[in-house]
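Spelled out, the chains give:
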Amino acid sequence: IILFSSLVLRIWCIHLLGRMWSLFGVYIEGVASVRSGPYRVVSHPEYVSRLLEVIGIMLIFSGFGLTPVFLIFFIIPDFFPAQFSVDIFLLKEP
């Protein structure tokens, strides 16, 4: 259920942004920020989707004792630097 929810959220984000969707958080000057859909609730729903995906995978493999491996190699290096870099770009927005 968690993995399916993350997929639905990601597809919703991609559909909402259309051609402006990118794999990387990019600030484009002169383009208005999206404030509808999941962006009304969370400023970065794509990251929430990725986090749900990793949590779902961690739950699947938790019986094998791999949860610390996922924390060290996926969550910490992947989410925190990306979140801060996107927020820095968004601070420039008027």
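Given the structure is predicted, the values throughout are model-derived calculations rather than measurements.

> Mind showing me how you'd approach helix 1 (residues 2–17) here?
An α-helical turn contains 3.6 residues, so any two residues separated by three or four positions project in the same direction. The end-to-end C-alpha separation of helix 1 is 23 Å, in line with the 22 Å expected for 16 residues at 1.5 Å each. Residues of helix 1 that are buried: Ser-6, Leu-9 and Cys-13. With its buried residues spanning 65° around the axis, helix 1 presents them on a single face. Facing away from the buried surface of helix 1 by more than 90 degrees, the exposed residues are Phe-4 and His-15. Buried residues belonging to helix 1 abut helix 2 (45–61). One or two steps after helix 1, the chain reaches Gly-18, where phi turns positive at roughly 60°.

> In this structure, what is going on with the side chain of Ser-6? I would like to understand it.
Take Ser-6: it is sitting in helix 1. Relative accessible area serves as the criterion here: at 2%, Ser-6 is assigned to the buried category. For Ser-6, the contacting residues outside a window of four places in its chain are Ser-49, Leu-52 and Glu-53.

> Hey, could you run me through the confidence of the model for the chain in this one?
Caution applies to low-pLDDT parts of the model: their predicted coordinates are not meant to be read in detail. On average, residues of the chain carry a pLDDT of 75, and 68% of them reach 70 or more. Across the chain, the secondary-structure element scoring lowest on mean pLDDT is helix 3 (residues 67–91), at 60, and the one scoring highest is helix 1, at 90.

> I tried to follow the packing of helix 1 against helix 2 on my own but got confused; where do I start?
Any two packed helices are characterised by the angle at which their axes cross and by the distance between the axes. Contact pair helix 1 / helix 2: the axes reach a minimum separation of 8 Å and the direction vectors enclose 160°. Relative to helix 2, helix 1 is oriented roughly antiparallel. With respect to the hand of their crossing, helix 1 and helix 2 are arranged in left-handed fashion. Contacts from Ile-2, Leu-3, Ser-6, Leu-9, Arg-10, Cys-13 and Ile-14 in helix 1 reach Pro-45, Glu-46, Val-48, Ser-49, Arg-50, Leu-52, Glu-53, Gly-56, Ile-57, Leu-59 and Ile-60 in helix 2. In the contact of helix 1 with helix 2, the residues fall into 11 nonpolar, three polar and four charged.

> How do you make sense of a nonpolar patch on the surface when you look at a structure like this?
Together, Leu-3, Ile-60, Phe-61, Leu-66 and Val-69 give the surface a local cluster of nonpolar side chains, amounting to about 380 Å² of exposed area. Structurally, the position occupied by Leu-3 is in helix 1. What makes Leu-3 partly exposed here is its relative accessible area of 33%.

> How should the pattern of salt bridges be read in this particular structure?
Any two side chains of opposite charge can pair, so long as their charged atoms come close to each other. Applying the stated criterion across every chain, the model contains two salt bridges. Of the charged contacts, one joins Arg-10 and Glu-46 as a salt bridge, the two residues approaching to 3.3 Å between their closest N and O atoms. Within this pair, whereas Arg-10 is found in helix 1, its partner Glu-46 is found in helix 2, the two being separated by 36 residues in sequence. Notably, a salt bridge pairs Glu-53 with Arg-10, separated by 3.2 Å at the nearest N-O pair. Here Arg-10 lies in helix 1 and Glu-53 lies in helix 2, a separation of 43 residues in the sequence. When its relative accessible area of 28% is taken as the criterion, Glu-53 is described as partly exposed. Beyond isolated ion pairs, a larger network of salt bridges with shared partners links Arg-10, Glu-46 and Glu-53.

Parameters and conventions
Residues numbered from 1 in each chain as written. Predicted model: local features only at pLDDT ≥ 70, side-chain atom pairs only at ≥ 80, totals over all residues. Heavy atoms only, no water. Helix = DSSP H or I, 4+ residues; strand = E, 2+ residues; numbered from the N terminus. Expected span 1.5 Å × (residues − 1). Buried < 20%, exposed > 50% of the residue type's maximum accessible area, 1.4 Å probe, protein only. Arc of directions from axis to C-beta. Contact = heavy atoms within 4.5 Å. pLDDT = per-residue confidence, 0-100. Axes fitted to C-alpha atoms, helices over the stretch in contact; angles between N-to-C directions. Parallel < 35°, antiparallel > 145°, perpendicular 65-115°, else oblique. Left-handed = near helix turned anticlockwise from the far one by under 90°. Nonpolar A, V, L, I, M, F, W, Y, C, P; charged D, E, K, R; others polar. Patch = residues over 30% accessible without salt bridge, like charges linked within 9 Å, V, L, I, M, F, W, Y side chains within 5 Å. Areas by Shrake-Rupley, 256 points an atom, 1.4 Å probe, with all protein chains shown as cover. Salt bridge = Lys/Arg side-chain N within 4 Å of Asp/Glu carboxyl O.

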